[in-house]
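Summary of the model geometry
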Amino acid sequence: MKKPIKRVAAIHDLCGVGKAALTNVIPVLSTMGIEVCPIPTTILSTHTGGFNTPSIVKLEGYISKAIKHYIEIEIDFEGIFVGYLGSNANIDDTLTLLKSIKEDSSLIVLDPIFGDHGKYYSNFDKSYSDNLKKLAIYSNIMTPNFTEACILAEEKIASEINEEELLMISRKLHKLGCESIIITSVPLYDKNKIATAIYEGKRDSIELISCDRLEKSYPGTGDIFTSVLIGMMLNGNSLSESTKKSCAFIEKCILESSQYDYPVKEGILLEKALKYLNN
C-alpha cells in the first residue's frame, strides 16, 4: 500500500543549537505535509557561525550506506534535497545516488552550500565548488546564493548587478546541466532592495522577485527557502509560485523573529513562524 504523503530525502548537516540545516528542513516540510527522511552528512553541536568551535562528527560513508539500505527495503523518494555535503567524499557518494535515479520522477534540488558575502566559507575552496558542478546535470533545480552562483559560473562577484548580467550568469549555470536556476541574495543597484532571480532554461529569461532589505540577517534562511520551494513544488505549484511563496515566508520569518531581543546567531524563531506556511 502506497503512503498517502510524499517523501523527501534530505542530505544535509544536523546542528544541535542554532536553527540551520536539518533543524529547519524537517519542521518546514513536515508542516507542508511532506515526510522528511534525514540523511545527515555531519553532526555539529552548533552551527559554525558565532558559537566558537563546535563539536563535529563527520559522517563520510553514511550516504551510500543509508541509500543502499533504502534500496533493499524498496523505499522511494518523490524529492531529494541535496544540501550541505561538506567533503568531496560526500559529493562522490551523492553523485552515485543521483546517477541511479536520473530517469526517475523524483524532484532533485541542489543547494550548493560553500560560501556567502563574496567568499568561500573557511573550510571550502575551488576544488570543492568545482566538484559540486558534477551534481548539476542530475538536478532539476539549483538554488545558489549570489556568491555561490558567481563562483560556479566563474564570474566576478560584483557589489551590485543588473538583469542582463544575471541572465548571463544563469545561462552559464544552466550549461552545467541543471534546468532551472534560482539565485538568492542578489544585490541590486537600489541598496534598499535585495532580489531572488528565477531562470528556467526552456524560457531563457530571468524573473526577478525583489523585496526590501531588512535590518537583521539570520543564519539558516537558505535552508528554509529551499525547503519551502521543494514543498510547494511537490504540492503541485509552478516554479515561479513556489519561489514567491519561499521569499514571502522568509520575509515573515525575519519580521516575526525581529520582534524579539535574542542573539541573531541562534537563527529564525521558526516555531513562531510556521503558522504562516499554510496561509
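Residues numbered from 1 in each chain as written. Predicted model: local features only at pLDDT ≥ 70, side-chain atom pairs only at ≥ 80, totals over all residues. Heavy atoms only, no water.

As recorded in an unreviewed UniProt entry, the chain goes by the name pyridoxal kinase, listed as coming from Clostridium puniceum.

1. Focus: the packing of aromatic side chains
A complete count under the given rule lists five aromatic pairs for this structure. The structure contains a cluster of three or more aromatic residues connected by ring pairs, namely Tyr84, Phe124 and Tyr128. Positioned over the ring face of phenylalanine 51 is lysine 265, at 4.8 Å from the centre of the ring. (Phe/Tyr/Trp six-rings, centres within 6.5 Å; stacked < 30°, edge-to-face > 60°. Lys NZ or Arg CZ within 6 Å of the ring centre and 35° of its normal.)

2. Focus: unusual backbone geometry
Phi is positive for alanine 21, close to 55°, though the residue is something other than glycine. Structurally, alanine 21 can be placed in the loop between strand 1 (6-17) and helix 1 (22-31). On the basis of relative accessibility, which here comes to 1%, the residue alanine 21 falls in the buried class. Backbone geometry at glutamate 74 places phi at a positive 60°, although glycine is not the residue there. Tracing the sequence through the fold places glutamate 74 in the loop between helix 2 (62-72) and strand 4 (79-82). Take glutamate 74: its relative accessible area is 68%, and that puts it in the exposed class. (Helix = DSSP H or I, 4+ residues; strand = E, 2+ residues; numbered from the N terminus. Buried < 20%, exposed > 50% of the residue type's maximum accessible area, 1.4 Å probe, protein only.)

3. Notes on the packing of helix 2 against helix 3 (residues 88-100)
The contact between helix 2 and helix 3 brings their axes to 8 Å, and the two run at 25°. On the basis of their axis angle, the class for helix 2 and helix 3 is roughly parallel. Across from Ile63, Ser64 and Ile67 in helix 2, the residues of helix 3 making contact are Asn90, Asp93, Thr94 and Leu97. (Axes fitted to C-alpha atoms, helices over the stretch in contact; angles between N-to-C directions. Parallel < 35°, antiparallel > 145°, perpendicular 65-115°, else oblique. Contact = heavy atoms within 4.5 Å.)

4. Brief notes about the packing of helix 1 against helix 7 (residues 221-234)
Two elements in contact, helix 1 and helix 7, have axes separated by 9 Å at closest approach and are oriented at 30°. Taken together, the axis directions place helix 1 and helix 7 in an arrangement best described as roughly parallel. Handedness of the crossing formed by helix 1 with helix 7: right-handed. Counting all contacts with helix 1, which are made through Asn24, Val25, Val28 and Leu29, the residues of helix 7 involved are Asp223, Ile224, Ser227, Val228, Ile230 and Gly231. The residue inventory of the contact of helix 1 with helix 7, partitioned by class, reads six nonpolar, three polar and one charged. (Left-handed = near helix turned anticlockwise from the far one by under 90°. Nonpolar A, V, L, I, M, F, W, Y, C, P; charged D, E, K, R; others polar.)

5. Some details on the nonpolar core
Ile80, Leu85, Leu98, Leu135, Leu173 and Ile183 are the most contacted members of the largest nonpolar core, which totals 49 residues. Looking at which element gives the most residues to this core, the answer is helix 5 (residues 146-153), with six residues. Apart from the residues within four sequence positions on either side, leucine 98 is in contact with Ile80, Val82, Ile108, Leu135, Tyr138 and Ser139. (Core = buried A, V, L, I, M, F, W, Y, C linked by side-chain atoms within 4.5 Å.)

6. Here we look at the pattern of salt bridges
A complete count under the given rule lists twelve salt bridges for this structure. Residue aspartate 212 pairs with lysine 193 through a salt bridge whose shortest N-O separation is 2.7 Å. Of this pair, aspartate 212 sits in strand 11 (residues 205-212) while lysine 193 is found in strand 10 (residues 193-200), placing the two residues 19 residues apart along the sequence. Overall, the relative accessible area of 44% leaves aspartate 212 in the partly exposed class. Overall, lysine 193 belongs to the partly exposed group, its relative accessible area being 27%. When salt bridges that share partners are traced, they join Lys126, Asp130, Lys133 and Glu154 into one network. (Salt bridge = Lys/Arg side-chain N within 4 Å of Asp/Glu carboxyl O.)

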